[in-house]
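The primary structure of each chain is shown beneath.
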Amino acid sequence: MDRFTQTFGSQKPVIAMVHLGALPGSPLYDAEGGLTKLLTDARKDLQALQEAGFDAIMFGNENDRPYAFDVDTASTATMAAIVGALKPEITRPFGVNVLWDPMATVALAAATGASFCREIFTGTYASDMGVWAPDAGKALRYRDGLGRKDLLMLYNVSAEFADSLDRRPLPDRARSAVFSSIPDAVLVSGQITGEAARMEDLEGVKNALPDTPVLANTGVKHDTVADVLAIGNGCVVGSALKVDGHTWNAVDPDRAKDFMDRARKAR
């Protein structure tokens, strides 16, 4: 918990998402807009989130649908280029997530100097992308081999777009993941991006892991952030901060500020 708190500067951090536009190598990529548009849009969102006072920023490739387990090298390289170009402007701890590729996520974090990364590192799932079976041991060893033992690993233990083939209750799976894979924090998600995790799931995992940071990972909204922070050790938020609360829109500065004001009052 000390390492977690030192990284984020808060015992209950609120991590805001910069959802990058579709990247080269993915079907929705805007070749005409190219890197210039990707960078311009990411910069606007970053500025709005930092001005709203979020504790940390996470860069993700949510627009790279359909998602892949072995992400195109061009997509990861473009994420590195964007984060690298923005890095002089980043005033908060930042993290990365390359959906749904743990090795690419760790590589990107190492290359950009990120403080943390998020991924599905453990478990076996039936998913929209096929059978999903990440290798936490391989990813963690890769992190250490890249000289980034300081990189915080945030484990999402309830995969979006998927159902666990492990029939143990979620709190048991989370407790087992902490014992066997030593994450720095555990994240609890809803079924898809922007959909809330069930409060009973968040509470169950937190009760099972009193000494491990547990965060809500999806679907936290303005009217639920106080309840989430009363149970968990923080949250990740993206869709609720966008224009009209729609995942694929740009960040709305007013919605972002209102959300963070509520989070501060709640904690």
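This section reports on the structure supplied with the text.

What counts, and where the lines are drawn
Residues numbered from 1 in each chain as written. Predicted model: local features only at pLDDT ≥ 70, side-chain atom pairs only at ≥ 80, totals over all residues. Heavy atoms only, no water. Helix = DSSP H or I, 4+ residues; strand = E, 2+ residues; numbered from the N terminus. Rg over C-alpha atoms; globule rule 2.2 N^0.38 Å. Buried < 20%, exposed > 50% of the residue type's maximum accessible area, 1.4 Å probe, protein only. Contact = heavy atoms within 4.5 Å. Areas by Shrake-Rupley, 256 points an atom, 1.4 Å probe, with all protein chains shown as cover. Lys, Arg positive; Asp, Glu negative; His and termini not counted. Charge placed at Lys NZ, Arg CZ, Asp CG, Glu CD. Right-handed = clockwise from strand over helix to strand, strands pointing away. Pairing = 2+ DSSP bridges. Salt bridge = Lys/Arg side-chain N within 4 Å of Asp/Glu carboxyl O.

The number of helices and strands found in the chain is 9 helices and 11 strands. A compact globule built from 267 residues would reach a C-alpha radius of gyration of about 18 Å, and the chain, at 17 Å, matches this within 12%. For the chain, the C-alpha atoms occupy an extent of roughly 50 × 40 × 35 Å along the three principal directions. Split into buried and exposed, the 267 residues of the chain put 54% on the buried side. Of the contacts formed within the chain by residues at least 6 apart in sequence, a portion of 70% connects residues at least 24 apart. Carbon and sulfur atoms make up 50% of the accessible area of the chain, which totals about 11200 Å². Here the chain holds 28 positive side-chain charges and 35 negative ones, and the gap between their average locations is 4 Å.

Take the pairing of strand E4 (residues 116-119) next. What you see with E4 is no split at all: Phe116 and Arg118 on one side and Cys117 and Glu119 on the other are buried throughout. Handedness of the crossover joining strand E3 (residues 94-97) and E4 through helix H4 (residues 102-112): right-handed. Here E4 runs beside strand E7 (residues 152-156); their pairing, made up of 4 bridges, is parallel. Note that in E7 the partner of Glu119 across the bridge is Tyr155.

We now examine the pattern of salt bridges. Counting across every chain of the model gives 15 salt bridges. Ionic pairing is found between Asp150 and Arg148, a salt bridge with its closest N-O pair at 2.8 Å. When its relative accessible area of 45% is taken as the criterion, Asp150 is described as partly exposed. The shortest N-O distance in the salt bridge between Arg167 and Asp163 comes to 3.3 Å. Judged by its relative accessible area of 62%, Arg167 falls in the exposed class. In the salt-bridge network here, residues are joined through shared partners; they are Arg198, Glu200 and Asp201.

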